[in-house]
Amino acid sequence: MDPNTHRGPEEYGEQDTPAEPPAPAFGGAQGGSGGLSRVVRLVSGPYLVTVNPVDGSEIEPCPPGERPAAPGKLDEEERTAADRAAAPPPPPGPPGAAGPDAPLEERTEDIERLVRLLSRGRSVRVTGPSGSGRTRLLDAVATACAGLAPDGVVRLSGYHRNATDVLYALFAAVHRAPAHRPDRPEMLRMVAEIGAIVVLDDLEFGGAALDELLDATPECAFLIAVTPDVAAPSAGSHLEEVFLGGIGRAGCVRLLERALDRPLSEDETAWAADLWFESEGLPLRFVQAAALLRQREAMRDRPGALDDGYGLFPEEDRGTDEDAGSGEPAEVPLPSLGEAAAPAPLLASRLSAAAQETLRFAIALGGELPHPAHLPALTQDTHADASLGELLTCGLISPVGGHYRLAATVSDQLTAAGYAEGSAARVHTVAQHYAWWAGHPSVTPERAAAEADVALAAMGVLTGSRESGHASAAVLLARTAAPAFAAALHWSAWERALRHGQEAARLAGEVAEEAYFHHELGVLALCSGSVDRARAELEAAIGLRGVLSDRNGAVAGRRALALVTDRARAASAATAVVPQVTAAAAGAPQPAAPKEAAGEPSDAVSTTKLHRPAAAAAASPLAARSAAQTAATAVVPAATLSGGSGGGSGTGTGKGAKLFGGARRNLVAAGAGVLLVAVLGTVVTLGATSGGDGAPDDKVSTEQTTDEGTPDLPAEEPATGSDRPSAGPGTSRPGGASRSGSPSPSSSGPATSGSPTDPGTETAGPTTGPTEPTARPTRPTGQPTRPTHPPTGEPTDPTPTEPTGEPTEPTPTDPTSEPPSQTSAASSIGSPTASGSSAGSSSPGGADGSSGTESAPAA
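Student: Is there a simple way to explain the side chain of Arg296 in this structure?
Tutor: Relative to the helices and strands, Arg296 is located in helix H10 (residues 283-300). Not counting residues within four places of it along the chain, the set of residues in contact with Arg296 comprises Glu268, Glu331, Val332, Pro333, Leu334 and Arg350.

If you want it as structure tokens, here you go:
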């Protein structure tokens, strides 16, 4: 069949352009037409995509000179032409009861209510079962709403489309953007400015996807038609619900009388009443019932009485029981109620042979009906294109989108009647025909995309078949049709064709074609923004082409993979907002230090203390360390809160954790910086609180236990010959405690002697520096000693530990008194019992049961 024989704007949505020479076809090695391969360049977001049917599509950043102009809106005439081109082709012959000009029965109130709601800007969802006349109702409402919106009425189809596909279809129906598919943010911006009444038929989704569609189009009013099995809209969608059921008994009778062009007899009226009760008044059932009554009349009348020239009622199918001599027609009984409830087999049995073969092809394709221009080539009947009107008049097919498919329950009825026999061979024929047709030089991408549902149905059936040659036929069809779908910007069909082709190539063992489909899927994923999926597909394609030594294909895959890497890096850099995270962590309020003043509760939180400087808040090393740990720990929650949308607990499970999931190293660096600042603040605080200020009366040695309010005590002097440093005023002892408000036992400290020493016998020479460790650590008691009486100005009585393990009670000595002997002091210091037990135990008592050496409280 020559494709140019049945060309026309009503059929394929394209005007002939004789000024331009016919473009070469898609295909090439797999095109099947022998023509040159056509390369199409289109812009998708920031990329320039070159659709190459031979070696695979190429993608690169779009140069500035290739950027298309801003899309403009279509005028009224262009919108009207686009709507007429997108409508299904009109059937030949008389319109019949289901024609577009036939009036609707008992739908006047519904039409007026819908028009009233849409004129107020309200969106409506019409829910009705298949066969209730939803499409006819939407056509009537769309005609009544013409001129209400600035951008007019836009007719769309939700058949096999998701929310993204519907949004792009709405953009293409209003804007003039040839070979340009904007990225999602730009598309949403332009769609938000559209003010139209959108009539959306056969929608297949609801819930959150429907909310996304409505939120993206705030200036549009939607009239949506769905079946009861579609998910309900969410509670916040604010959609008006209109339920569409059957019509009344009187309306069904009027529908039959208008279809027959005569009043019903008594028997027919009773038969119609029984059918109305059984079918619940669905209009489609009475369209089929009217076809049954017309066929009954044709069988009763004389031959040629209803010969309309289209071969709808051939003579071999008409009644032959009439008496030839008398000329009286034979009595044909009315169909039974069971035949009227499932009329498809009876209706099909009285159709022409071409119409019956068309039904067999539709059943083989899962209910999809090929375009009438393809029926003569498929059925091998030159008049098969007239069968479309025959099927539509009988109510066996219904329009969906820009084509036709079998009506509800018709496929099941005909399958049970045996019309599905030989389906595999018929689908194979369809695949070969469409592979040749899609690669023909005269077929434009838009015309090929109009037949996407039929081609995809054939691919799906052949891919699931295990018969020999079917998988290769699916590969051939996908290889030829997929570039056409891409060039026509029908990317949902492009993706489905690539999926079918990849699976069929895997089953057929065609590695080169499988690599091609993987490469195309990677390019499509990159254009759609799915970086991870694009990387996986491109790596698979590169690996397969490396096995085949396909150098050109591998180079194209590596170029696309480099773009994927750049896209991933850009996305990671955009999400890793390190300065903001650091600022949020540094500016977070620090927790207040524990309050130790008398009469002030420890759990009270003061606003002044939350915002005071860090040096003033860290009153002790313990508080400084706690503040440093708190600041370091709060880095990750602060990063999560700054990236999340609704706050969170900082556990990494929210939106903020996902946002910053790719920048863990930056978060670790920020946390380390905050921790370093906190540690430096602690060191500065320690230096400020323990530095020498010329006040020797503030020093507390480990040999003495005192309080801040206790008067100065005389310093001890080491015995003659001892290597201990002096504890005089202004001397910093190693292990000595710094002044602090929170006493704590020291874990180590210098050993204590049994009696104070005489400062007059102090050994001359440099004292031990503050960083040198003590030679003999002592055992802490863990219980600091505090005075039990008010300060009297006299020195306290320390209780030293004797080497023998028995406690002694020496009397306090005057600094000018005679020091003890050097032997007792040395034995007290160097006793292995005292030093050994103190180094390995932290209990209050020593190993021999005596009380250990008391150490000064640590800060």
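Student: Is there a simple way to explain the packing of helix H9 (residues 266-279) against H10 in this structure?
Tutor: When two helices pack together, you describe them by how their axes are tilted relative to each other and by the distance separating the axes. In contact at an axis separation of 11 Å, H9 and H10 are set at 150° when each is read in the N-to-C sense. On the basis of the axis angle, H9 is roughly antiparallel to H10. As H9 runs across H10, the sense of the crossing is right-handed. Only Arg285, Phe286, Ala289, Leu293 and Arg296 of H10 make contact with H9, whose side of the interface consists of Glu268, Trp271, Ala272, Leu275, Trp276, Glu278 and Ser279. Residues belonging to the contact of H9 with H10 are distributed by class as follows: 7 nonpolar, 1 polar and 4 charged.

Student: In this structure, what is going on with helix H4 (residues 134-144)? I would like to understand it.
Tutor: In an α-helix, one full turn covers 3.6 residues, which means residues spaced three or four apart are oriented alike. Turning to H4, its buried residues number three or more, namely Arg134, Leu137, Leu138, Val141 and Ala142. When H4 is viewed along its axis, its buried side chains cluster within an angular range of 135° and face the same direction.

Student: Looking at this structure, how should I read unusual backbone geometry?
Tutor: Apart from glycine, the bulk of residues carry a negative phi angle, and the bulk of peptide bonds sit in the trans form. Within the chain, Ala179 stands out as a residue other than glycine whose phi angle is a positive 55°. Note on placement: Ala179 falls in the loop between strand S7 (175-176) and strand S8 (180-181). The phi dihedral of Ser549 is positive, around 60°, even though this residue is not glycine. With respect to the helices and strands, the residue Ser549 is situated in the loop between helix H23 (531-548) and helix H24 (551-575). We classify Ser549 as exposed; its relative accessible area is 63%.

Student: Could you clarify how one ought to interpret the packing of aromatic side chains in this entry?
Tutor: How two aromatic rings sit relative to each other is given by the distance of their centres and the angle of their planes. A full pass over the atoms with the stated rule returns 3 aromatic pairs. Relative to Trp437, the ring of Tyr434 lies with its centre 5.8 Å away and its plane at 80°, an arrangement referred to as edge-to-face. One end of the pair is Tyr434 and the other is Trp437, both in helix H17 (residues 423-438) and 3 residues apart, which spans about a single turn. Trp437 shares its class with Tyr434; the two are buried. Residue placement shows Arg181 over the ring face of Tyr168; its charged tip is 3.7 Å from the ring centre. In this arrangement the basic side chain of Arg479 is found over the ring face of Tyr516, its NZ or CZ atom lying 3.6 Å from the centre.

Student: What should I look at first to understand the packing of H17 against helix H19 (residues 452-464) in this one?
Tutor: Across the interface, H17 lies against H19 with an axial gap of 9 Å and an inter-helix angle of 130°. Taken together, the axes of H17 and H19 are oblique relative to one another. The handedness of the crossing between H17 and H19 is left-handed. On the side of H17, the interface is formed by Val427, His428, Val430, Ala431 and Tyr434, while H19 contributes Val454, Ala458, Val461 and Leu462. Looking at side-chain class alone, the contact of H17 with H19 contains 8 nonpolar, 1 polar and no charged residues.

Student: How do you make sense of the sheet that holds strand S13 (residues 397-400) when you look at a structure like this?
Tutor: Pairing between the strands of a sheet is mediated by backbone hydrogen bonds and can be parallel or antiparallel. Taking strand neighbours across the sheet as the criterion, the 3 strands line up as S12-S14-S13 in an open arrangement whose pairing is antiparallel. Each end of this open sheet is capped by a strand with a single partner; those strands are strand S12 (368-369) and S13.

Student: What is the right way to look at helix H7 (residues 208-216) in this model?
Tutor: Every buried residue of H7 is accounted for by Leu210, Asp211, Leu213, Leu214 and Ala216. Buried residues along H7 sit in contact with helix H5 (163-174), helix H6 (184-191), strand S9 (197-201) and strand S10 (221-226).

Student: Where do I start with a nonpolar patch on the surface in this structure?
Tutor: Where nonpolar side chains cluster on the molecular surface, the patch consists of Val511, Val547 and Leu548 and spans about 250 Å² of accessible area. Relative to the helices and strands, Leu548 is located in helix H23. A relative accessible area of 41% places Leu548 in the partly exposed class.

Student: What's the story with the pairing of S9 in this structure? I'm lost.
Tutor: Regular strands have side chains that alternate between both faces of the sheet. Of all the 5 residues making up S9, 5 are buried; the element is thus mostly covered by neighbouring parts of the structure. Judged by which residues are buried, S9 turns out to be covered on both faces: Ile197, Val199 and Asp201 on one side and Val198 and Leu200 on the other are all buried. As judged from the 5 bridges shared by strand S6 (residues 153-157) and S9, these two strands associate in the parallel manner. By the bridge assignment for S9, Leu156 is matched with Leu200. Here S9 runs beside S10; their pairing, made up of 4 bridges, is parallel. Within S10, the residue paired with Val198 across the bridge is Phe222. With H7 bridging S9 and the parallel S10, this β-α-β connection has right-handed handedness.

Rules used throughout
Residues numbered from 1 in each chain as written. Predicted model: local features only at pLDDT ≥ 70, side-chain atom pairs only at ≥ 80, totals over all residues. Heavy atoms only, no water. Helix = DSSP H or I, 4+ residues; strand = E, 2+ residues; numbered from the N terminus. Contact = heavy atoms within 4.5 Å. Axes fitted to C-alpha atoms, helices over the stretch in contact; angles between N-to-C directions. Parallel < 35°, antiparallel > 145°, perpendicular 65-115°, else oblique. Left-handed = near helix turned anticlockwise from the far one by under 90°. Nonpolar A, V, L, I, M, F, W, Y, C, P; charged D, E, K, R; others polar. Buried < 20%, exposed > 50% of the residue type's maximum accessible area, 1.4 Å probe, protein only. Arc of directions from axis to C-beta. Phe/Tyr/Trp six-rings, centres within 6.5 Å; stacked < 30°, edge-to-face > 60°. Lys NZ or Arg CZ within 6 Å of the ring centre and 35° of its normal. Pairing = 2+ DSSP bridges. Patch = residues over 30% accessible without salt bridge, like charges linked within 9 Å, V, L, I, M, F, W, Y side chains within 5 Å. Areas by Shrake-Rupley, 256 points an atom, 1.4 Å probe, with all protein chains shown as cover. Salt bridge = Lys/Arg side-chain N within 4 Å of Asp/Glu carboxyl O. Right-handed = clockwise from strand over helix to strand, strands pointing away.

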